[in-house]
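Observations on chain architecture
The residues making up each chain are set out below.
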Amino acid sequence: MSNLLRAKSVTKRFSGIVALDDVSLEIDEGERVGLIGPNGAGKTTFFNCMLGVLSTNGGSVELDGRDISRLPVHRRAKLGIGRTFQRIELFPDSTVRDHLFIAERIRRGDGRIWKDLIGLGRPRAEELERCDEVLALLRLDHLADEPIERLSLGQCRLVEVGRALMTEPRVLLLDEPSSGLDRAESNSLAQTLREVQAEQGFAILLVEHDVELVASFTDRCYVLDFGRLIASGPTREVLTSDVVRAAYLGDLEPSS
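Now for a quick tour of the structure. Sequence order sets the numbering: in each chain, residues are counted from 1 along the sequence as written. Only residues with pLDDT of 70 or above have their local features reported here, since the model is predicted, and side-chain atom pairs are shown and tallied only from 80 upward, although totals for entire chains, interfaces and linings are computed over all residues. The side-chain values count all of the structure's non-hydrogen atoms but skip hydrogen atoms and water molecules.

Another aspect to go through is the overall build of the chain. Per the convention used, a helix needs a DSSP run of H or I reaching at least four residues, while a strand needs a run of E reaching at least two, with both numbered from the N terminus. Helix and strand content of the chain: 10 helices and 10 strands. Burial classes follow relative accessibility: with a 1.4 Å probe on protein chains only, a residue under 20% of its type's maximum area counts as buried, one over 50% as exposed, and anything between as partly exposed. Within the span of the chain, comprising 256 residues, buried residues form 49% of the whole. By the convention used here, residues are in contact when the closest approach between their heavy atoms is within 4.5 Å. Summarising the internal contacts of the chain: among those between residues at least 6 apart in sequence, 65% fall at separations of at least 24. In the structure as shown, the chain presents an accessible area of about 12200 Å², 49% of it carried by carbon and sulfur atoms. Throughout, the Shrake-Rupley method with a 1.4 Å probe supplies accessible areas, and for residues the shown protein chains are the sole cover considered.

So this is what it looks like as structure tokens:
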């Protein structure tokens, strides 16, 4: 049986500098998998290779056994790879529902998106219904008509998750979703993600600096250092391994 998402010996070079060196990773249906490493470890580069933002110099990326290494970003998204951004990529004057509505139009790909850009696209009842379902799932329904600029950072992170969910992902790639959040906000975000995942069944690849979040949220974990995979396995075992401690975690203990 094939993995849902699989990277095989992925290599990426920039002008002779090896950013990723023979990196392999596997994610199965419904899993929560972490990818951690210090600044410059290659996490973002790997993330972008999985999404198709960057092409690889070697290796392959497979989704459900199909080689998608040469497919562009939008084709991979159509096949079921969703994402959020490390930096908030939202429009401050647009409402929460607007963000999900536009994502739904893009997912449908029926040619109506150009009308939205000039203000002529009227939402269909089924589109609004689907937006409201996702908003309720994320407990954002009471904020549906609020402009993004009035939301907290934690709420904005959930809007990004909601926009990604509108694409009906089979695997959701989260790029440092706890960035800028305090511990309480991070814990709340993680709990919401668990609940939504349990209902919808997608897998998650979490790229994070917050080791405590990775320890409490993921089942398995991969560790990059200078573009090389130095450890992988059950998250608790990985975070307490000597090789990982020696590399960059120091005396940090995962929370119990």
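So, about the pairing of strand 10 (residues 228-234). Examined bridge by bridge, strand 9 (residues 220-225) and strand 10 share 6 bridges and lie antiparallel to one another. Its bridge partner being in strand 10, Leu224 is matched across the sheet by Leu229. Any two strands between which DSSP finds at least two bridges are classified as paired.

Now for the side chain of Thr192. Among the secondary structure elements, Thr192 is positioned in helix 7 (residues 183-200). Aside from chain neighbours lying at most four places away, what touches Thr192 is Leu138, Arg139 and Leu158.

We now examine the packing of aromatic side chains. Any two of the Phe, Tyr and Trp rings considered here, Trp counted by its six-membered ring, make a pair once their centres fall within 6.5 Å; the pair's planes then place it as stacked at under 30 degrees, edge-to-face at over 60, or tilted in between. In total, this model carries 0 aromatic pairs according to the counting rule given. Across from the ring centre of Phe217, 4.8 Å away, lies the NZ or CZ of Arg32, which sits over that ring. The rule for a charge over a ring is simple: NZ of Lys or CZ of Arg within 6 Å of the ring centre, and within 35 degrees of the ring normal.

Attention shifts here to the environment of Asp98. If you trace the backbone, Asp98 turns up in helix 3 (residues 96-108). Accessibility expressed as a relative area gives 35% for Asp98, which makes it partly exposed. A C-alpha to C-alpha distance of 9.7 Å links Asp98 and Leu128, two positions 30 residues apart in sequence.

So, about the layout of surface pockets. Using only the protein atoms, space was sampled on a 1 Å grid; points where a 1.4 Å probe fits but cannot get out form cavities, open sets with protein on both sides within 12 Å along at least five of seven lines form pockets, and lining residues are those with an atom within 4 Å of a point. Grid points are joined across faces, edges and corners, and a volume is the space filled by probe spheres set on the points. Estimates place the volume of the largest pocket at around 770 Å³. As for the largest pocket, its lining consists of 27 residues, and the residues nearest its centre are Ala77, Ala103, Ile106, Arg163 and Thr167. Of all elements in the fold, only helix 2 (73-79), strand 6 (81-83), helix 3 and helix 6 (153-165) reach the threshold of two or more residues within the lining of the largest pocket. A total of 6 residues in the lining of the largest pocket trace back to one element, the largest contributor, which is helix 3.

Turning to the pattern of salt bridges, a few remarks are in order. The working definition used for a salt bridge is a side-chain nitrogen of Lys or Arg within 4 Å of a carboxyl oxygen of Asp or Glu. Tallied over the entire structure, the rule returns 16 salt bridges. Residue Lys8 is joined to Glu62 by a salt bridge in which the shortest nitrogen-to-oxygen separation is 3.8 Å. Separated by 54 residues along the polypeptide, Lys8 in strand 1 (residues 5-14) and Glu62 in strand 4 (residues 58-63) bring together distant segments of the chain. With its nearest N and O atoms 3.1 Å apart, the salt bridge here joins Asp132 to Arg97. Linking Asp132 in helix 5 (residues 125-137) with Arg97 in helix 3, this pair joins segments that are 35 residues apart in sequence. Owing to a relative accessible area of 32%, Asp132 belongs among the partly exposed residues under this scheme. Three or more residues joined by partner-sharing salt bridges are found here, namely Glu29, Asp64 and Arg170.

Take unusual backbone geometry next. Positive phi outside glycine occurs at Asp22, with the angle close to 60 degrees. Tracing the chain through its elements places Asp22 in strand 2 (residues 17-27). At Asp64, a position not held by glycine, the phi torsion is positive, near 55 degrees. You can see Asp64 is positioned in the loop between strand 4 and strand 5 (66-67). For Asp64, a relative accessible area of 41% gives the class partly exposed.

Between helix 6 and helix 7, the least distance of the axes is 10 Å, while the angle of their chain directions is 20 degrees. It follows from the interaxial angle that helix 6 and helix 7 lie roughly parallel. Crossing hand, helix 6 versus helix 7: right-handed. Residues Gly154, Leu158, Val161 and Leu165 of helix 6 pack against Glu185, Leu189, Thr192, Leu193, Val196 and Gln200 of helix 7. Tallied by class, residues from the contact of helix 6 with helix 7 come to 6 nonpolar, 3 polar and 1 charged. Whenever a helix is involved, its axis is fitted only over the stretch in contact; in every case the axis is a line through C-alpha atoms, and angles between N-to-C directions fall within 0 to 180 degrees. Roughly parallel means an angle under 35 degrees; roughly antiparallel means over 145; roughly perpendicular covers 65 to 115; every other angle is labelled oblique. In this scheme, a crossing is called left-handed if the near helix is turned counterclockwise away from the far one by less than a right angle; it is called right-handed if the turn is clockwise. Polarity classes work like this: nonpolar for Ala, Val, Leu, Ile, Met, Phe, Trp, Tyr, Cys and Pro, charged for Asp, Glu, Lys and Arg, and polar for all others, with Gly in that last group.

Ordered in space as 6-7-8-3-9-10, the 6 strands form an open sheet in which the pairing is mixed. Of all strands in the sheet, those bounded by a partner on one side alone are strand 6 and strand 10. Averaged over neighbouring strand pairs, the angle between their axes works out to 20 degrees when direction is ignored.

Below, the discussion takes up the nonpolar core. Here, nonpolar core refers to any group of buried Ala, Val, Leu, Ile, Met, Phe, Trp, Tyr and Cys residues whose side-chain atoms link them within 4.5 Å. The biggest cluster of nonpolar side chains holds 44 residues, and the ones touching the most others in it are Leu138 and Val159. The element best represented in this core is helix 6, accounting for 6 residues. Membership of the second largest hydrophobic core comes to 28 residues, among which are Leu4, Leu5, Val33 and Ile68.

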